[in-house]
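In case you want the letters, here they are:
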Amino acid sequence: MAIFQRARRIFSRARFCFGTAGVFFLCGVILLSGCLRREAPADLTIINGGEPESLDPAIVTGQVEIRAVRGLFEGLTRLDPKNARSIPGLAESWEISPDGRVYTFHLRPNLTWSTGEPITAGDVVYSWVRALNPATASGYAGLLFYLKNARDFNAGKIKDTSLVGVQALDQFTVRVDLDQPTAFFPDVCAMPVAGVVPRQTIEKQGDRWLMAKPLPVSGPYELVYWRLNDKIRLRKNPRYWDAVNTQSKIIDLLPVGSPNTALNLYECGQADIVWDKELVPGQLLDVLIRRPDFHAFSYLGDYFIRFNVTRKPFDDPRVRRAFALAIDKERIVKKISRAGEQPASHIVPDGTAHYTSPEGLGHDPERARKLLAEAGYPGGRGFPRFEYVFSAPASGGDKLHENIAIELQQMWHDELGIQMDLRQLEAKIFYTVQAHLDFDLSRSSWTGDYDDANTFLDLFTSDDGNNRTGWKNAQYDELIGRANREPDLKAREKFFQQAETILVRDELPIIPLYFYVGINYYDTNKIQGIYPNILDCHPLQAIHKIKTGE
Amino acid sequence: MYFLRRILFAVPLLLVISALAFALVHLAPGGPFDRERAPASPEIERALKAKYHLGEPVWKQYCRYLGDLAHGDFGVSLKYRNHTVNDIIAQGLPVSMLLGALAFGFAMGVGLPVGFFTAARRGRWPDYAGSFLATLAVCVPGFVVAPLLILFFSIKWKLLPVGLWETPWHMILPPVALGLFFAGKVARLFREGMLSAMQSEFVTAARAKGLGENRLLLRHAFRIAVLPVVSYSGPMLADLLTGSFVIENIFQIPGIGVFLVNSSLNRDYTVVVSLSLLYAMLLIGMNLVVDFAYTRLDPRVKYE
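Residues numbered from 1 in each chain as written. Chains lettered and ligands numbered in written order. Predicted model: local features only at pLDDT ≥ 70, side-chain atom pairs only at ≥ 80, totals over all residues.

### Examining the overall build of chain B
Across its full length, chain B holds 13 helices and zero strands. Along the chain direction, N to C, the helices and strands of chain B fall in the order α-α-α-α-α-α-α-α-α-α-α-α-α. Taking all 304 residues of chain B together, 44% fall into the buried category. When contacts within chain B are restricted to residue pairs at least 6 apart in sequence, long-range pairs at least 24 apart make up 73% of them. (Helix = DSSP H or I, 4+ residues; strand = E, 2+ residues; numbered from the N terminus. Buried ≥ 20, exposed ≤ 12 C-beta atoms within 10 Å, placed from the backbone. Contact = placed C-beta atoms within 7 Å.)

Below, the structure written as structure tokens:
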């Protein structure tokens, strides 16, 4: 009996000692269940990509941010969900002067902020001037440089805001003076940087104005909360002018950085839509791309290679042409990128509005060898060793850049007999190296801000900060300048085509590799109101889940 | 007195750590505003740098940072420009701490019993099996364990959610994935501790007095055997509480571990320095707690 009792005592003590931690663990979990806030489930949950850097329309530059900001703040125009072309937003109509340089916008009557105060022409002027103000430090202020004196105001050369080409004629009328006739200006008005923001809140709260409660918004959704790396919750703004057509009441935007996690959440029904092409796990691409809920579509962006033309032997256009002709781009899109991309011989993607690109150089190894021989390197003999730099993938990201680099290394070795070294750099170092022309060849990409050829072709003008090749061509600059001044769309296209011919057929400071595709995944039997378009932009107010029985 | 001195000594130590972190992250090439897309004009770039005082000499920036810190302000994130570092810590740290505490509970709750029984059944099959499992837990990294757990518990058997951090059900897999390594480590440490304690003279003396084996192990050997685990648990707790990049990333948990790693990749200077400081503070604090626990557990230990 005594033995039994002792055994029991010991047993209970052992259990006490070792079980304590386990019991604590369980208690913690149970206690927490009581503490946690229960919130209404969202009508729609969207995985949006990484954590937005900001939701301030004047500051955002990335796709992730822009997709969220468009839901909160609207501009004079907004985007058509179907084709991403600009349609009337806060402005109900506008007139353009015959020379294309003066736009007169008429605001809708009875526009109000989500807090009830009226939205006026003065708010539009305030918002644009704020974005241009150097103190705001807006990275995208350049999009508003089409306004008269905007560039000088942004540079601090002009202090008087009344000289900037945007004025309120009365409460409902905004007059915009442009430097040049800018055919795509209504598209610029739909960009977040031209979004209308609440003056009083910003002046009172400074950089923390987005945390204001309540936050006055001009767009279809109000910001319920924004928790870093957790979620952004949006609720329908009942005072939005087009609120009757806002489809979903509550939308959650989840920031997810890892493609596998995004796919897991989607597959288990915790998210309805995943709309970032970075969020498709590369290893599963071949399988996923064949599924009906994976939607790939052409997208306004391309993958290309930059030469540093200030370094020998890449100062010789024959060498650059030879490099381009030796690449089998078809093989790269079939074997590496694999999402249905189209090989590119020119820089402006197919499908861009009012523009058809000239054909660039194709795949012709024979001619490539001949050009290289002409340049003094027959069979690659005597060609100096050089380096190709590319950026490291984000955590959990794909080794796309590395795989393309290896493929290029192989192709140039086999076809031209030259040796190339590869160097992978951490993203921030990579961009510094690129900006300071501290490379021979560099992986590059560009996505268009709006649907127009000049968002690609302006890049390679001599003074553009994004040129990053060292290439300067007076004739090219001249043609781009003339195109930008030209009000007639047909004549403008001609100038652009001549310029692009120099870029992709004669000079080649860059080699276009392929045009991007956008990838969204969602089940069309469950989700409506999202359409593939060239900007990969999907206005939130149009999207909704199909209710059962509908 | 001893502990008071330790706390006072921590202040210059933290200063050195912050200065080092500040200098190192500024030394790294590239800055917070270098990206694929250059600003439209050099003026915009200048305005950006002026706004965040990045044009000033580094020592001046450091002094400015310390001045703000003295007011309890860690500064503004350069990457997430609408948020302060205080926001990031206030939102992320509680989540990471909860995750870490649960993982700690799991590591102790599993590690100690396994260590105890493998030591008590030394050289028999429970010892081999337990030791094998503990070694396995130490060897298999979190980025393998977590997807495997998700694959079976969430996708195949549909028992638990694949990610996010909302209900108690969401809080089971991540602590297990995070704590498994530490559970293995604790089990091994505790087994070793038990074995050496069982050979010590006071245990032999107690055994000679006729004390029962289980009582002997629990009452006498335990207190000495657990010491290595206690000293290990200080840094372990600091590690667990500041979050795990891998686990938070895989399970989509809004903790601070993701920031700890990404901020240095983003050259988010203020966040890097502040989170390093936070980590250092926790580490120092936990070690202090460990040393204090020593005096309670082992009567032979005294600090002057």
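### Details of the overall build of chain A
In terms of regular secondary structure, chain A is built from 16 helices and 19 strands. A burial count over chain A gives 49% of its 550 residues as buried.

### Things to note about helix α7 (residues 259-267) of chain A
Two residues of an α-helix separated by three or four positions point the same way, owing to the 3.6 residues in each turn. Here α7(A) lies mainly inside the structure; seven of its nine residues are buried. When α7(A) is considered as a whole, its buried residues turn out to be A:P259, A:T261, A:A262, A:L263, A:N264, A:L265 and A:Y266. On its buried face, α7(A) is in contact with β1 (44-49), β11 (273-274) and β17 (510-521) of chain A together with α6 (142-156) and α11 (245-251) of chain B. In the stretch just after α7(A), A:G269 is the one whose phi turns positive, near 75 degrees.

### Quick word on the interface of chain A and chain B
Interface extent is often summarised as the accessible area lost during association of the parts. Between chain A and chain B, the residue contacts involve 59 residues of the former and 53 residues of the latter. When contributions to the side of chain A that touches chain B are tallied by element, the ones reaching two or more residues are α1 (2-35), α4 (150-154), α7 and α13 (427-435) of chain A. Looking at the side of chain A that touches chain B, its residues break down into 28 nonpolar, 20 polar and 11 charged. (Nonpolar A, V, L, I, M, F, W, Y, C, P; charged D, E, K, R; others polar.)

### Describing the sheet that holds strand β5 (residues 102-107) of chain A
All names here are of chain A. The antiparallel open sheet is built from four strands, whose spatial order is β4-β5-β7-β6. Strand pairing shows two members of the sheet lacking a second neighbour, β4 (91-96) and β6 (166-170), which therefore form its edges. Taken pair by pair, the neighbouring strands of this sheet meet at an average axis angle of 25 degrees, ignoring direction. With five bridges joining them, β4 and β5 adopt antiparallel strand pairing. Directly across from S93, in β5, lies its bridge partner H106. Contacts from helix α3 (residues 121-132) reach β5, β6 and β7 (173-177) within the one sheet, and its direction differs from that of β6 by about 170 degrees. (Pairing = 2+ DSSP bridges. Axes fitted to C-alpha atoms, helices over the stretch in contact; angles between N-to-C directions.)

### Overview of the packing of helix α5 (residues 125-139) of chain B against helix α7 (residues 173-198) of chain B
All names here are of chain B. Axis separation between α5 and α7 bottoms out at 7 Å; the angle between their running directions is 135 degrees. In terms of their interaxial angle, α5 and α7 are classed as oblique. Between α5 and α7 lies a crossing of left-handed hand. On α7, the residues touching G130, S131, A134, T135, A137 and V138 of α5 are L180, F181, A183, G184, K185, A187, R188 and R191. For the contact of α5 with α7, the per-class residue count stands at seven nonpolar, four polar and three charged. (Parallel < 35°, antiparallel > 145°, perpendicular 65-115°, else oblique. Left-handed = near helix turned anticlockwise from the far one by under 90°.)

### Quick notes on the nonpolar core
Within the largest apolar cluster, 217 residues are counted, with the highest numbers of intra-cluster contacts made by A:I47, A:L144, B:V186 and B:F190. It is α7(B) that provides the largest number of residues to this core, a total of 15 residues. Residue contacts for A:I47: discarding those within four places in its chain leaves A:L254, A:V256, A:A262, A:L265, A:Y266, A:A271, A:I273, A:V274 and A:L279. The next biggest cluster of nonpolar side chains, apart from the first, holds 20 residues, and it includes B:V85, B:L93, B:F259 and B:V273. (Core = buried A, V, L, I, M, F, W, Y, C linked by C-beta atoms within 7 Å.)

### Regarding the environment of B:I224
Residue and element names in this part refer to chain B. Looking at the element boundaries, I224 is found in helix α9 (residues 213-225). Between the alpha carbons of I224 and D298 there is a distance of 6.7 Å; along the sequence they are 74 residues apart. What I224 contacts, discounting residues up to four positions off in sequence, is A197, S200 and D298.

### Overview of the pairing of strand β12 (residues 294-307) of chain A
In this sheet, β17(A) lies alongside β12(A) in antiparallel orientation, the contact comprising 10 bridges. The residue of β17(A) that forms the bridge with A:Y303 is A:Y514.

### Here's the deal with the environment of A:F172
All names here are of chain A. Take F172: it is sitting in the loop between β6 and β7. On a C-alpha basis, the gap between F172 and H106 in space is 5.8 Å, while along the polypeptide they are 66 residues apart. Those residues within four positions of F172 in sequence are excluded, and the remaining contacts are H106, L107, P109 and A121.

### Section: the pairing of strand β16 (residues 441-447) of chain A
Residue and element names in this part refer to chain A. Within β16, five of the seven residues are buried, which leaves the element mostly enclosed by the surrounding structure. Looking at chain direction, β12 and β16 are connected through seven bridges and run antiparallel. When the bridges of β16 are listed, I305 appears paired with R443. Here strand β14 (residues 386-391) runs beside β16; their pairing, made up of two bridges, is parallel. Paired with Y388 across the strands is L441, a residue of β16.

### Details of helix α10 (residues 227-241) of chain B
All names here are of chain B. The terminal C-alpha atoms of α10 lie 21 Å apart, and with 15 residues this matches the ideal 21 Å at 1.5 Å per residue to within 8%. Along α10, the largest kink reaches about 35 degrees and is centred on S233; proline P235 follows within four residues of it. Of the residues making up α10, those classed as buried are V229, S233, G234, M236, L237, A238, D239, L240 and L241. Two residues or fewer after α10 comes G243, characterised by a positive phi angle close to 90 degrees. (Expected span 1.5 Å × (residues − 1). Bend = angle between axes of the 7 residues up to and from the residue.)

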